[in-house]
Structure formats: C-alpha cells, structure tokens
Amino acid sequence: MRIRSLLAVTATAGAVAVVAAAPAEATEYASVLKIKGVQYDAPGRDSNSCSTGNTRNEYLTIKNYSRSTTVNLKGYVVKDAAGNRFTFGSSHYLQPGDYVKLRGGHGTDSDANNVVYRQNCNFIWNNDKDTIYLYKPSGARADVHSYTKSRDDRDGNGYINYHG
C-alpha cells in the first residue's frame, strides 16, 4: 500500500490542528479483510460470452489478515468506480490468513476451493483504470484501491498485488 503523508497545520497559540485527508487508497481502514490483489485484465481477448468467454479469469482476491478472527463474508459488498457491485449473499467463512477469489462468470461457490462466482458474465474491472471498493455489511468501508494499467501493472500481466 502506498503511504502518503498527512499535512498538519496548527493555528497560533495551539488552539486548533487541521489535518487534510489523504486520498482514499492511502487510508488504512479498520478491517481484517483487505483486497489482496486483482486480475483486472483477464488473459486473452475479452469476451463476456457465458459459454465461451473469459470472465472467469477476471478475479478479485480478498484475504482475512487476522491472526485469530474468522470472518463471514455474507453482506460484504464489492463495487467499482462505475457502481457495478456484487454482494456476498451467502455465508462464506474466511479463517485467519485465508482468502477467497471472487470470479466473474457462472460456477459453484466453494469454501474448499476458496472461490465465489458473481454469477454474471460481464466484466466488472476496467482494463485501463478503475477503483475497487470493499464494504462491510454495516456499510463502512473495509478497503479501497485505485489503479491504472500504466502506473500499477509494470509487467503488463493484468494482475496487481496490494496487501501481499
């Protein structure tokens, strides 16, 4: 995660301190769930055909970074800058250190295989730039990352790693 400094300005006589907020992707949210990485550009020629397309190869990896807390994904929301969204409607438990890949396309969700399908054959992430939001069931933001292909995907493989 890129860390940016906050600008602090203090008024005379120590009366007030004003802090300018850092950009959204620099804010560390109070959540054990974080976006680990995104395969924003599925390998091959993009096709959102449900039978022959490659939307299954576009995925978002969400990881539980806790050392002791199991998290149920039910009610968590993933959203992009355009407002496309996916809500985890079923219980899917992430043990400490575990992850799930949220894939496009149709398939059978599996705790054992760490996969949940969006049941939608349309791509969600833009190939040039986008912002990925992860919200808790309460509506509080759990994590957010913006990317551009030219800035963040130096090797050009369509995958960006965030929280290791």
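As shown above, the structure is provided for reference.
Here's what I pulled together on the structure shown here. Each residue is numbered by its place in its chain's sequence as written, counting from 1. pLDDT decides what is reported in this predicted model: residues at 70 or higher carry local features, side-chain atom pairs at 80 or more are listed and counted, and totals for whole chains, interfaces and linings draw on all residues regardless. Water and hydrogen atoms play no part in the side-chain values, which are based on all heavy atoms of the structure.

Attention shifts here to the overall build of the protein. Numbering goes from the N terminus for both helices and strands, where a helix is a DSSP run of H or I of at least four residues and a strand is a run of E of at least two. From N to C terminus, the protein includes one helix and 13 strands. Reading the protein from its N end, one meets helices and strands in the order β-β-β-β-β-β-β-β-β-β-β-β-α-β. We call two residues contacting when some pair of their heavy atoms lies within 4.5 Å. When contacts within the protein are restricted to residue pairs at least 6 apart in sequence, those whose partners lie at least 24 apart make up 56%. On the protein, roughly 8,800 Å² of surface is accessible, and the fraction owed to carbon and sulfur atoms is 48%. All accessible-area figures derive from a Shrake-Rupley calculation using a 1.4 Å probe, and residue coverage is judged against the displayed protein chains alone.

Strand pairing requires that DSSP identify at least two bridges connecting the strands. Strand order in the open sheet formed by four strands is 7-6-11-12, and the pairing between neighbours is antiparallel. Two strands in the sheet have a free side with no partner beyond their single neighbour: strand 7 (85-87) and strand 12 (141-148). Each strand of the sheet is rotated relative to its neighbour by a mean of 10°, with strand direction disregarded. Bridge count between strand 6 (residues 77-80) and strand 11 (residues 129-135): four bridges; the pairing is antiparallel. Bridge assignment links Val-77 to a residue of strand 11, and that residue is Tyr-135. Only the stretch in contact is used when a helix axis is fitted, and all axes are lines through C-alpha atoms; the angle between N-to-C directions ranges over 0 to 180 degrees.

Attention now goes to the state of the cysteines. The term disulfide is used for any two cysteine sulfur atoms that are within 2.5 Å. Tallied over the full model, the rule gives one disulfide. Linked covalently through their sulfurs, Cys-50 and Cys-121 form a disulfide whose S-S length is 2.1 Å. Looking along the S-S bond of the Cys-50-Cys-121 disulfide, the torsion reads about 120°, which is the right-handed sense. Of this pair, Cys-50 sits in the loop between strand 3 (33-39) and strand 4 (59-64) while Cys-121 sits in the loop between strand 10 (115-117) and strand 11, and the two are 71 residues apart along the sequence. In this scheme, a residue with accessible area under 20% of its type's maximum is buried, one over 50% is exposed, and one in between is partly exposed, where area comes from a 1.4 Å probe on protein chains only. The exposure class of Cys-121 is buried, given its relative accessible area of 7%.

What the five strands build is an open sheet, ordered 10-9-4-3-13; its pairing is mixed. With partners counted over all chains shown, the strands left at the sheet margins are strand 10 and strand 13 (159-161), one partner each. Mean inter-strand twist for the sheet, computed between neighbouring axes without regard to direction, equals 25°.

Another aspect to go through is the nonpolar core. Residues grouped as a nonpolar core are buried Ala, Val, Leu, Ile, Met, Phe, Trp, Tyr and Cys residues, joined through side-chain atoms within 4.5 Å. The biggest cluster of nonpolar side chains holds 24 residues, and the ones touching the most others in it are Leu-60, Phe-88 and Trp-125. Considering every element that reaches this core, the biggest residue donor is strand 3, with three residues. Contacts of Trp-125, omitting those with residues within four sequence positions, involve Val-38, Gln-39, Tyr-40, Glu-58, Leu-60, Val-78, Lys-79, Asp-80, Asp-130, Thr-131, Ile-132 and Tyr-147.

Attention now moves to the pairing of strand 4. Most of strand 4 sits out of view: six of its six residues are buried. Residues Tyr-59, Thr-61 and Lys-63 line one face of strand 4 and the alternating positions Leu-60, Ile-62 and Asn-64 line the opposite face, and both faces are buried. Relative to strand 4, strand 3 is paired through six bridges, and the arrangement is antiparallel. Within strand 4, the residue paired with Lys-34 across the bridge is Lys-63. Bridging between strand 4 and strand 9 (residues 99-103) involves five bridges; their strand directions are antiparallel. Counterpart to Lys-63 in the pairing with strand 9 is Tyr-99.

Let us look at the pairing of strand 9. Direction of pairing for strand 9 relative to strand 10: parallel, over a ladder of three bridges. Bridging from a neighbouring strand, Leu-102 pairs with Val-116 of strand 10.

All right, on to the environment of Leu-102 then. Relative to the helices and strands, Leu-102 resides in strand 9. Here the alpha-carbon distance between Leu-102 and Ile-62, two residues 40 residues apart in the chain, equals 7.7 Å.

Geometric descriptors of this kind do not, in isolation, establish any biological role.
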